[in-house]
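Summary of the model geometry
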Amino acid sequence: MPNTVLIGAQWGDEGKGKIIDVLTEDADIVVRYQGGNNAGHTVKIEDTLYVLHLIPSGILHEGTLCVIGNGVVIDPLALVKEIRELEAAGITVDGRLFVSDRAHVVFPYHRLLDEAREARVARDRKIGTTKRGIGPSYGDKVSRVGLRMCDLVDEDFPGRFAARAAEAGSVLEALGAEPPDTRAVTAEYVEAAERLRPLLADSVDMLNRAVREGRSILFEGAQGTMLDIDFGTYPFVTSSNATAGGACSGTGIAPHRIDRVLGVVKAYTTRVGEGPFPTELKDAVGRHLGEAGREFGATTGRPRRCGWFDAVIARYAARINGVDAWAITKLDVLDALETLRICTAYRGANGRLYESVPADTRVLSRCEPVYEDMEGWRTATQDITRYEDLPPQAKAYLSRLCELTDVPLGILSLGPRRASTIRVAF
Ligand code: GDP
Ligand code: IMO
Ligand code: MG
């Protein structure tokens, strides 16, 4: 398989985990390149549901190597827990999972800072984070005071950690939060480091060697384009580059070694957490999408906000990521609807028509979607295995999404399991 980057084109939870699982069949290595355990990637195999947070979804295929790249921020306790859960389910990770020694470590003070900052700001400024310490951890990385996995396994770790914890502790106190017990945290982290030590690798060298040997790499994006730190609905975003560019900086693989980009997009739109969402439906249709699509966060269990397909953000995502093909997921969730709406542009409060996403979140939050309507198909699609057998209205809807975004359909997903997937042209 050509080296492929898979990204989310909306606000996350597009079904990336499921599509990664399907594509892993053709890949030698699956690598996560950004984010942390704020991600929740669900894979359903037969009747078992697996939710991966830090470990690439490719781990569920026996022969595949998995790498957590340098661009990821790692909570070692969460990683050890995830490894144990996989082992309990009979999946071995030793010899198959490698963790970058350059990846930054998430500490309890990052989580507490994340929580304390969210608690203090006014309601309209809350981001609705997953409280996994992602923002403060990337903040330390960019401020050049973070500790990395190579530091965690070093004998100097307790001393270096104590110095960082003292500084973070005074910030926490100023925010009215109680700093964690440094000694207890050190002991827990040293124990986790022992479990993780054999998995640490120079992933940059390892992945480049694999590319030279002609092995195929699948880059597993987390979050989505509209949560990207640069291109998303700032400040209601996550703290990393969830877009395709992040695959290079988060792994050390050069841009021209990447062959293609697959964008994963839901046949409608969801968002979890705060921030503008032009096509959000707060009515019975929104509730129907939430129920039919089982739209609850895989990490926090929060209900996801639901709305119509937004071709403005999909088109924006297609450009930023250079999407070669779409994997359109959850089409089956629309089965019962009589009429479907697609947002083709926004009308700003000033009457201006926007065909791309405005930078100013305040402008975006006052935009009204401009819709075109399409007829629903009102037939169950979950068991359809050939594109030709789809109801004509479903084909028309898919064609319109592709036309509006100028990206062809590569994969269609009609249910959470591997079997409910139609490889159209990818
Ligand atoms: P990710 O974060 O992008 O990996 O997505 P999540 O796992 O957070 O959320 C996607 C949810 O939709 C999961 O519960 C999947 O099992 C489910 N899912 C994925 N594809 C489909 C599909 O085509 N149809 C339906 N009904 N569910 C799907
Ligand atoms: P996957 O990979 C959906 C959202 C949070 C919040 C914002 C910032 O499963 O698609 P953070 O904890 O990252 O600082 O929170 O980003 N968020 C996600 N929403 N899917 C995700 O990941 C997300 N990861 C973070 O809800 O709005
Ligand atoms: Mg998710």
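In short, a report on the structure. Residue positions are counted from 1 within each chain, in the order its sequence is given. Key to labels: chains lettered from A, ligands numbered from 1, both in the order written. Only residues with pLDDT of at least 70 get local features here, since the model is predicted, and only at 80 or more are side-chain atom pairs given and counted; chain-wide, interface and lining totals rely on the full set of residues. Heavy atoms from the whole structure form the basis of all side-chain values; hydrogens and water molecules are not counted.

**Re the overall build of the protein chain**
Test applied: To qualify as a helix, a DSSP run of H or I must reach at least 4 residues; to qualify as a strand, a run of E must reach at least 2; elements of each kind are numbered from the N terminus. With C-alpha atoms as the basis for the radius of gyration, the globule rule is written as 2.2 Å multiplied by the number of residues raised to the power 0.38. Partly exposed describes any residue whose relative accessible area lies between the buried limit of under 20% and the exposed limit of over 50%, with all areas from a 1.4 Å probe on protein chains only and scaled to the type maximum. Should any heavy atoms of two residues lie within 4.5 Å, those residues are considered in contact. Each accessible area value is a Shrake-Rupley result obtained with a 1.4 Å probe; residue values ignore everything except the protein chains displayed when judging cover. The convention is simple: Lys and Arg are positive, Asp and Glu are negative, and His and the chain ends are not counted. Here the site of a charge means atom NZ of a Lys, CZ of an Arg, CG of an Asp or CD of a Glu.
Secondary structure summary: the protein chain contains 13 helices and 20 strands in total. Here the protein chain has a C-alpha radius of gyration of 21 Å; the compact-globule value for 426 residues is 22 Å, and the two agree. Considered along the principal axes of its C-alpha atoms, the protein chain spans approximately 65 × 50 × 40 Å. Burial status across the protein chain gives 57% buried among its 426 residues. Pairs at least 24 apart in sequence give 76% of the contacts found in the protein chain among residues at least 6 apart. In the structure as shown, the protein chain presents an accessible area of about 17700 Å², 48% of it carried by carbon and sulfur atoms. Averaging the positions of the 52 positive and the 59 negative side-chain charges in the protein chain gives two centres separated by 3 Å.

**Notes on the coordination of the magnesium ion (ligand 3)**
Note the threshold: Here a donor is any nitrogen, oxygen or sulfur atom (N, O, S) within 2.8 Å of the metal, with 3.2 Å used for Na, K and Ca; water is not among the atoms considered, so some sites may look incomplete.
Every protein donor of the magnesium ion (ligand 3) is listed here as D13 (OD) and G40 (O), and their distances to the metal cover 2.0 to 2.2 Å. You can see D13 sitting in the loop between β1 (4–8) and α1 (16–24) and its partner G40 sitting in the loop between β2 (29–32) and β3 (41–45), a full 27 residues away along the chain.

**What to know about the pairing of strand β7 (residues 97–100)**
Quick reminder of the rule: By the convention used here, strands pair only if DSSP detects at least 2 bridges between them.
Side chains L97 and V99 project from β7 onto one buried face, and the interleaved F98 and S100 project onto a second face that is buried too. Where strand β5 (residues 65–68) and β7 come together, three bridges link them in parallel fashion. Residue pairing across strands places I68 opposite V99, the latter belonging to β7. Strand direction decides the pairing type here: β7 and strand β9 (residues 200–201), joined by two bridges, are parallel. The residue of β9 that forms the bridge with V99 is L200.

**A short note on the environment of V5**
Relative to the helices and strands, V5 resides in strand β1. Under the relative-accessibility criterion, V5 is labelled buried at 1%.

**As for the side chain of E295**
The test is simple: Counted as a polar contact is a pair of N or O atoms within 3.5 Å, where, for protein atoms, one must be capable of donating a hydrogen and the other of accepting one, and residues adjacent in sequence contribute only when both atoms are in side chains.
Here E295 is to be found in the loop between α10 (284–292) and β13 (305–307). At 2.9 Å, the side chain of E295 forms a polar contact with the side chain of K330. Discounting residues that sit within four places of it in the chain, E295 has contacts with K266, Y268, T270, L289, G290, R302, P303, R304, C306 and K330.

That is the geometry; function is a separate question.
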